Amino acid sequence: MSKVRTRFAPSPTGYMHIGNLRTALYEYLVAKKEEDGVFILRIEDTDQGRLVEGATDIIYETMKQCGLQHDEGPDIGGDYGSYVQSERMASGIYKEYAWKLVELGAAHVCFCSEEDIEAERQLASAKGIGFKYDDPCKYLSKEEVDARVAAGEKYVIRQNINPVGTTSFDDEVYGTITVENSTLDEQILLKSDGFPTYNFANVIDDHMMDITHVVRGNEYLSSTPKYNLLYDAFGWKKPIYVHCPPVMKDEHHKLSKRNGDASFQDLVAKGYLPQAIINYIALLGWAPETEQEIFSLEELKKAFNVKRIGTSGSIFDIEKLKWMNGVYLRNMTPEQYHELVLPYIKDAVKSDYDTKQIAEILHQRVSVLGEIKEMLDFFDNYPEYSNDLYINKKMKTNPEIALNSLKAARETLSKTEDWSQANLHDVLMNLVQTLGIKNGQLLFPVRIALTGKAFTPGGAIEIAAILGKEESLKRLDSSIAQLEA
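So, here is what we can say about the structure in this document.

Criteria and cut-off values
Residues numbered from 1 in each chain as written. Predicted model: local features only at pLDDT ≥ 70, side-chain atom pairs only at ≥ 80, totals over all residues. Heavy atoms only, no water. Helix = DSSP H or I, 4+ residues; strand = E, 2+ residues; numbered from the N terminus. Rg over C-alpha atoms; globule rule 2.2 N^0.38 Å. Buried < 20%, exposed > 50% of the residue type's maximum accessible area, 1.4 Å probe, protein only. Contact = heavy atoms within 4.5 Å. Areas by Shrake-Rupley, 256 points an atom, 1.4 Å probe, with all protein chains shown as cover. Salt bridge = Lys/Arg side-chain N within 4 Å of Asp/Glu carboxyl O. Pairing = 2+ DSSP bridges. Axes fitted to C-alpha atoms, helices over the stretch in contact; angles between N-to-C directions. Parallel < 35°, antiparallel > 145°, perpendicular 65-115°, else oblique. Left-handed = near helix turned anticlockwise from the far one by under 90°. Nonpolar A, V, L, I, M, F, W, Y, C, P; charged D, E, K, R; others polar. Polar contact = N/O pair within 3.5 Å; in protein donor to acceptor, adjacent residues only side chain to side chain.

Moving on, we come to the overall build of the protein. Helix and strand counts for the protein come out as 21 helices and eleven strands. A compact globule built from 485 residues would reach a C-alpha radius of gyration of about 23 Å, whereas the protein, at 32 Å, exceeds it by more than 25%. Within the protein, buried positions represent 49% of all 485 residues. If you take every contact in the protein between residues at least 6 apart in sequence, the share linking residues at least 24 apart comes to 76%. Taken as a whole, the protein presents about 23400 Å² of accessible surface, with 49% of it coming from carbon and sulfur.

Below you can see the structure in the form of structure tokens.
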């Protein structure tokens, strides 16, 4: 068997869409499941009107962040370069192969404008049929074509498709697909500006780069028969196809960057870890053979099997991603976690508090790093709050109970010299016993008094230890005065 070679071939048109990243991941896993498999990065930039400055760098950075290291590509080279389509075009290969198809009778030169062709394509599409089988340019003699081309007339090269019969192909996910030739568009292969269309260039490049497996979204199922007719015309071996179901926003709409849905960069900016994102999107359409959900990239290489890819779309569940991200965060060592969250802590807390203590209270409670700033805002800015926060049925508290508890806590803590978390725990637990109340009837009001917030990353004892004695007593005094008023 030949060596497995896959390619991720994005267009540099903006941020990395989640669906594109999943395609890159599956391409990578198909290659890396084999010991000598090769994963290639190819930049498809023939659609010059949609290119976005800096987008190629975003592709490189995204792949690096996700650990999807390519073996060949524009930045590292390889034996099949160039790996940028616009640079490959300079060699004239696309034009050469397009004219070769004309010679073989599998394409023809058309002098219609691209706008007219597109209008007819849309009309035919609305009718559910192929289009322009009666293109008059098909019947021009070679001499007339040569003369008009030599005279400088603009032209495109279009594929010839016999409208009679069917075309079939096998897909690893969807099985055997058969389509009526009458529904296939006679697509443009070479545009009037000399650039190849995506549909043509990717066939040429895949063949020249010895690509064995093509992984892509199922929106390309309808185009694959046309690709295969090109392979057949040249007498080339076809790749193995793996078409993946879409990533859905909901039951009826696909996730799409054009609709403003989150990109990989958006998710990272919100505080999701690249490894958690990769883990999650691996499961969007693919089901492992076990109940395991948390996978490292190395574990995915071993577990991945294209036969376990489903045919129906998978809904992108941000809450499931949030849960998974939290698992990754909680699995970090305290040292790793502190290093990761330190920039977030410094952005949220300007006062001189112990960042390691703050990281410790965050560690088991944060699911997304972007939540940290709001969680910690009370350290620098003690907020105004309503006494209604002290009303809690579960904790059996109300403002009257809270006032008694806070006064007792304030008196006891004012006499406490050892302000370590361990000693504060002992002091307050002893006070609970002395007062003959529930733990929550003391600790809940103290936490509200120290933070002015209903929800905090740590409990009363942890937060008091970080705030220090002076600030803690100051906040207790303020809260007692507020309750008494």
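Trans peptide bonds make up the majority, and among non-glycine residues the majority have a negative phi. Between G81 and the following residue, S82, the backbone shows a cis peptide bond with an omega angle of 0°. In this fold, S82 is placed in the loop between α2 (55–66) and α3 (85–89). In this structure, D210 is a non-glycine residue whose phi angle is positive, near 55°. Here D210 is to be found in the loop between α7 (198–208) and β8 (213–217). One non-glycine residue, K396, adopts positive backbone phi at about 60°. Tracing the sequence through the fold places K396 in the loop between α16 (377–380) and α17 (399–414).

This next bit is on the pattern of salt bridges. Two side chains carrying opposite charge are able to pair once their charged atoms lie near each other. Under the counting rule described, the total for this entry stands at 25 salt bridges. Measuring nitrogen to oxygen at the nearest pair gives 3.7 Å for the salt bridge that ties E27 to R7. Of this pair, E27 sits in helix α1 (residues 18–32) while R7 sits in strand β1 (residues 5–8), and the two are 20 residues apart along the sequence. A relative accessible area of 4% means that R7 is categorised as buried. Here D347 ties to K373 by a salt bridge, and the two come within 3.5 Å at their closest N and O atoms. One end of the pair, D347, is in helix α13 (residues 334–348); the other, K373, is in helix α15 (residues 372–375), and 26 residues separate them in sequence. Salt bridges here are not isolated pairs; linked through shared partners, they connect R7, E27, R42, E44, R88, D205 and D206.

Read across the sheet, three strands follow the order β3-β4-β7 without closing on themselves; strand pairing throughout is antiparallel. Of all the strands in the sheet, the pair left with one neighbour each is β3 (107–110) and β7 (188–190). Taking each pair of neighbouring strands and ignoring which way they run, the sheet shows an average axis angle of 40°. Bridge count for strand β4 (residues 156–159) against β7 is two bridges, and the pairing is antiparallel. By the bridge assignment for β7, I157 is matched with L190.

Here the focus is the packing of helix α10 (residues 274–282) against helix α12 (residues 318–330). Closest axis-to-axis distance for the α10/α12 pair is 9 Å, and the angle between their directions is 130°. What the angle tells us is that α10 and α12 run oblique. Here α10 and α12 pass one another in a crossing that is right-handed. Across the interface between the two elements, Q275, A276, I277, N279 and Y280 from α10 touch K320, L321, M324, N325 and Y328 from α12. Of the residues that constitute the contact of α10 with α12, the class distribution is six nonpolar, three polar and one charged.

Here we come to the packing of helix α18 (residues 421–435) against helix α20 (residues 460–467). Taken N-terminus to C-terminus, the directions of α18 and α20 make an angle of 130°; their axes are 9 Å apart at the nearest point. Relative to α20, the element α18 lies oblique. The two elements α18 and α20 cross, and the hand of that crossing is right-handed. Of α20, the residues touching α18 (which contributes Q421, L424, H425 and L428) are I461, E462, A464 and A465. Of the residues contributing to the contact of α18 with α20, the split by class is five nonpolar, two polar and one charged.

Here the focus is α7. For the α-helix, the turn length of 3.6 residues means that residues three or four positions removed from each other point alike. When α7 is considered as a whole, its buried residues turn out to be F200, A201, N202, V203, I204, D205 and D206. Next to the buried residues of α7 lie β1, α3, α4 (93–104), β7, β8 and α8 (224–234). Phi for D210, located one or two positions after α7, is positive at around 55°.

We now examine the side chain of Q159. As for its position among the elements, Q159 is in strand β4. Take Q159: its relative accessible area is 1%, and that puts it in the buried class. Within polar-contact distance, the side chain of Q159 engages the side chain of Q187 at 2.8 Å. Sequence-distant contacts of Q159, that is, excluding residues within four places in its chain, are made with A106, A107, H108, E186, Q187, L189, K226, L229 and L230.

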